[in-house]
Amino acid sequence: PSNIDFETGDFAGWKLYTGITDADLGQNQIFMNQVPAPVPDRHRIISAATTPQLDEFGGFPKLCPNGSGYSVLLGNNDGAGQAEGISYEFTIPTTANKYSISYNYAIVIQDPGHQDFEQPRMKIQLFNVSDNAELNCSSFSFVAGGGLPGFQTSPIIVGNSPVLYKDWSGNTINLDGLAGKTIRFSATTTDCIFEAHFGYA
């Protein structure tokens, strides 16, 4: 699908969102609205030409090292109870009974030790728009704390809270048997609900 890989160097074809995170009855809540253009410091295109640096907490490259010319930085290290999201819809060809998508991601989340539903997080969701159903086996959240697999602790501490990070990793999602269906891929990052601790990816 056109620009699903950001290789045009912009967000063409993608929808962008900003909002806040909160909690209700022990459940994390994310409230977002679509925005017409990237919000500075919340939706950023990273390229070798413009941003060749390393992440300040994890020391990994901000540009994915898989050979791509562009990556997206979603969120920031400000806290403030913010939430940011991006989504992309595509239709699987009617003749493609075998189909998959692959993506790469890296995450930085502060761990203030709140309860799980209050913590910073990064969420990936795949939604079958045609059937109005979430693809549960392909959707997941990374929530600060709880011994996240593959995460390391940054040598940099912010305030009194450690910062956890996961270097670039890949994931492939099997969409076999969904020929002709429209699928929405979305990624969301949030701070903690108390507006003091951050998460970005």
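For the structure itself, look to the data block above.
Just so it is clear, the structure is predicted and the values come from calculations on it, not from any experiment.

## Points about the side chain of Asn76
- Along the chain, Asn76 turns up in the loop between strand 4 (70-74) and strand 5 (82-91).
- In this structure the side chain of Asn76 is engaged in a polar contact, spanning 3.0 Å, whose partner is the backbone oxygen of Asp41.
- Reaching out from Asn76, the side chain makes a polar contact with the backbone nitrogen of Asp78 at a distance of 2.9 Å.
- Beyond its immediate stretch of four places on either side in the chain, Asn76 contacts Asp41, Arg42, Arg44, Gln82, Glu84, Asp191, Phe198, Gly199 and Tyr200.

## Examining the pattern of salt bridges
- Throughout the structure, instances matching the rule amount to five salt bridges.
- Arg42 is the partner of Glu84 in a salt bridge, and the nearest nitrogen-oxygen pair spans 3.1 Å. Separated by 42 residues along the polypeptide, Glu84 in strand 5 and Arg42 in the loop between strand 2 (27-35) and strand 3 (43-47) bring together distant segments of the chain.
- Take Glu84: its relative accessible area is 1%, and that puts it in the buried class.

## A few points about the packing of aromatic side chains
- If you walk through the whole model with that rule in mind, you get 13 aromatic pairs.
- An angle of 35° between the planes, with centres 5.4 Å apart, marks the rings of Phe57 and Phe198 as tilted. Of the two residues, Phe57 is situated in the loop between strand 3 and strand 4 and Phe198 in the loop between strand 12 (182-190) and strand 13 (199-200); the sequence distance between them amounts to 141 residues. Take Phe57 and Phe198: they sit in the same class, and that class is buried.
- Among the aromatic residues, ring-to-ring pairing joins Phe6, Phe11, Trp14, Tyr88, Tyr103, Tyr105, Phe140, Phe142, Phe151 and Phe185 into one connected group.

Analysis parameters
Residues numbered from 1 in each chain as written. Predicted model: local features only at pLDDT ≥ 70, side-chain atom pairs only at ≥ 80, totals over all residues. Heavy atoms only, no water. Helix = DSSP H or I, 4+ residues; strand = E, 2+ residues; numbered from the N terminus. Polar contact = N/O pair within 3.5 Å; in protein donor to acceptor, adjacent residues only side chain to side chain. Contact = heavy atoms within 4.5 Å. Salt bridge = Lys/Arg side-chain N within 4 Å of Asp/Glu carboxyl O. Buried < 20%, exposed > 50% of the residue type's maximum accessible area, 1.4 Å probe, protein only. Phe/Tyr/Trp six-rings, centres within 6.5 Å; stacked < 30°, edge-to-face > 60°.

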